[in-house]
Amino acid sequence: MESLPFFVMLPAILAATWRMATPLIYASIGELFTERTGVLNIGLEGIMLFGAFTAFAAVLFTDNLIIGIAAAILVGILLGLLFALFTVTIKANQIVVGVAFNLLGLGMTGFLFRALFVGTDNAVRTVPVLNIPVLSDLPIIGEIVFRQNLMVLATLILVPVASFLLYKVAFGLSVRSVGEHPKAADTVGIGVARTRYAGVIIGATLTAVAGAYLTIAHTNQFVEGITSGRGFIALAVVVFGRWRPKGVFWASILFGVFFALQLRLQAMPDLIIPYQALQMLPYVATIVALLSVRGKTHAPSALAVPYEP
Amino acid sequence: MAEPSTSSSETAVTSTTSAEELLGHKETSRLSKFLWGVVGPIAAILVAFLVSGIILLMAGYNPVFAYITLLEGAFGDMRVITEVLLQATPLILIGAGLCVVFRANIWNIGAEGQFYIGAVLSAVVGIYLGDLPAIILIPLLLLAGMLGGALWAMLAGWFKVRFGASEIVTTIMLNYIAIISTGYLVTGPMIEEVGKFPQTAQVAEAARLFRFLPPTRLHIGFIIAILVAILLWVFLFKSSMGFAIRAVGHSPEAASYAGIDVGRNVLLAMAISGGAAGLAAAVQVSGLTFRLYQQISPGYGFTGIAVALLAYNNPLGAIFSGILFGALRSGAEVMQISAGIPSVMVVAIQGLVILSVATFSVYRMKYTSR
């Protein structure tokens, strides 16, 4: 079989890029809000697993996608509340609590999955692809933009909404000032704890939605450890996107390219390099991206520092 | 003690910087140390078991029956107790090493990957240099494992010191890279000649550690683990190098002001924790599995984090918390077989233990520091 010329594959690769970038976009936009309030949540991987499992289980039981997303959102809110309780109110070490969340996510979803669903037929319905008659038939653009499922398309709304929230309304000003200078924010009457709770909950909720995307949109089932490090890659995406919504969007797209290329190259019939070399591509890329940013000049000043009034 | 910097007259005040100031806490009384050091972890474990009991109940299991099976599986007779100690061996080594790096306030989440690289290098020595006599082969094998883990960890340390890259993210990425690489090696270049299962051939007879309690599988790796934990405790609390690492962990700025090279200590702490993880792998390969395969670590590197945290980052404490988590792992296997409860529940229990410890630590700090 002769491989197709590269430019013929390009639209398919770009479409796959956006699909692979989508969970990163949700999680890293969320984490951006968390970190902008000065809280570092490295428990994204665990929260994403909770979201993935909850959405999957909810759709399996109800066959209703809206309920699936709503269940993931609810779990995200609860986990956000819990994380903020430990890190903002109790002021426990944010990294240690994050590590605990990752283990809880892996252990709990693995346990519940094996206890409840192993050996049952467990494919769920998935978020539909929006099919607009004329637009989806357009050459190139049709494949990249107009044959994507709704959760992928929603990222186009998420990013401007995040920018608007962060830069144009009072809430965003609170978020940014609490992350830069909590003492000053406190002095002018901005509730530091309240704002941080909000930031953590936004982050956890969007991360849970990213997990839901993996089980009820990108695929149609739950697999233990389905997130395969995306929660951690999202942390690097936030750094690489310099804590700005647009930057984070494009950083996610860049990582999406590596995931998409990896899948595309693995499918090539006359591959000479071992597939494991491709498998590690996103992880190597994450390290390279972090090394290229150099320093923490763009990080919120109060990141990971508990506030003592 | 740390040497005050002598080069600049402006920073002459450093000579008055006391150990207390660099570490940020007073030496507290032995009794209060004992209470917080022993009662705290026990309370943390009880809380974790209580919460997971509720989860078991909600999933339709009988938690009392589950925990009885777990206890029997861990301490029921001599044979299972030695199995617990076998499980504890890599955990003590990894946990004690992580105590050192966590004291430096460096978050090495990469013990899992460091274990894998250590396993690869020690398997290479044990298989391809198998003609050497045991007296040379075994030390060489252990050294290779240690070196592999140390270098893999130092890579992340160097990324942090030189490029300011978060070690949390880079160590986790290095985990994936190490695990995938091992997968490649055991299905490709290092696959066994006969059988063609995705595993390497066995290491030479001369490369195997002595089993001192036949017919059980308990080997001298367990003794090595205890000795290393004691050694790391001495290093951390009785040597000037250990002091420097703790000072960096408390405040890099103050440490640097007192003439301590922060970057060097970050690399040293990473090397020690990675080396301990690599040694754990070498001990595992030469004492228990005798070969390398894809799942050579069922998450030891992550359990090691819980081991270190439960010990409040004290290498001596890691001996006890290592045995505890070894018992948990070992007991959970039995629980899965006889009570049908998925053993992955142990991972969630580890998360709960860490969460409780993190909470207790806050109050411990309040009562023991100025």
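As a reminder, the structure under discussion sits directly above these lines.
Residues numbered from 1 in each chain as written. Chains lettered and ligands numbered in written order. Predicted model: local features only at pLDDT ≥ 70, side-chain atom pairs only at ≥ 80, totals over all residues.

We now examine helix α11 (residues 230–240) of chain A. Summarising burial for α11(A): 11 of the 11 residues are buried, a large majority. The first or second residue beyond α11(A) is Arg242(A), which carries a positive phi of 55°. (Buried ≥ 20, exposed ≤ 12 C-beta atoms within 10 Å, placed from the backbone. Helix = DSSP H or I, 4+ residues; strand = E, 2+ residues; numbered from the N terminus.)

Attention shifts here to the environment of Gly46(A). Of note, Gly46(A) is situated in helix α2 (residues 44–62). Other than its neighbours up to four places away in sequence, Gly46(A) contacts Phe101(A), Asn102(A), Leu103(A), Leu104(A), Gly105(A) and Leu106(A). (Contact = placed C-beta atoms within 7 Å.)

Right, let's talk about the nonpolar core for a bit. Among the nonpolar cores identified, the biggest contains 240 residues, and Ile94(B) and Ile354(B) are the most heavily contacted of them. Considering each element in turn, this core owes the most residues, 16 residues, to helix α10 (residues 192–218) of chain A. (Core = buried A, V, L, I, M, F, W, Y, C linked by C-beta atoms within 7 Å.)

Residue-level contacts link 38 residues of chain A with 37 residues of chain B. Counting only elements with at least two residues in the side of chain A that touches chain B, the list comes to α4 (94–116), α11, α13 (275–279) and α14 (281–293) of chain A. If you tally residues by element for the side of chain A that touches chain B, the top one is α4(A), at 15 residues. Of the residues assigned to the side of chain A that touches chain B, the class counts are 26 nonpolar, 8 polar and 4 charged. (Nonpolar A, V, L, I, M, F, W, Y, C, P; charged D, E, K, R; others polar.)

A few words on the environment of Ile47(A). Residues and elements named next belong to chain A. Mapped onto the elements of the fold, Ile47 is located in helix α2. For Ile47, a count of 34 C-beta atoms within 10 Å puts it in the buried group. If sequence neighbours within four positions are ignored, Ile47 has contacts with Gly76, Leu79, Phe101, Gly105, Ala204, Thr207 and Ala208.

This next bit is on unusual backbone geometry. A cis amide bond links Pro214(B) to the next residue, Pro215(B), at an omega of 5°. Residue position: Pro215(B) is located in the loop between α7 (167–187) and α8 (221–238). Unusually for a residue other than glycine, Ala304(A) sits at a positive phi of about 70°. Counting through the fold element by element, Ala304(A) comes out in the segment after α14. Look at Ala304(A) and you get partly exposed, because 17 C-beta atoms sit within 10 Å. Positive phi outside glycine occurs at Tyr312(B), with the angle close to 50°. Mapped onto the elements, Tyr312(B) comes out in the loop between α12 (300–310) and α13 (315–339).

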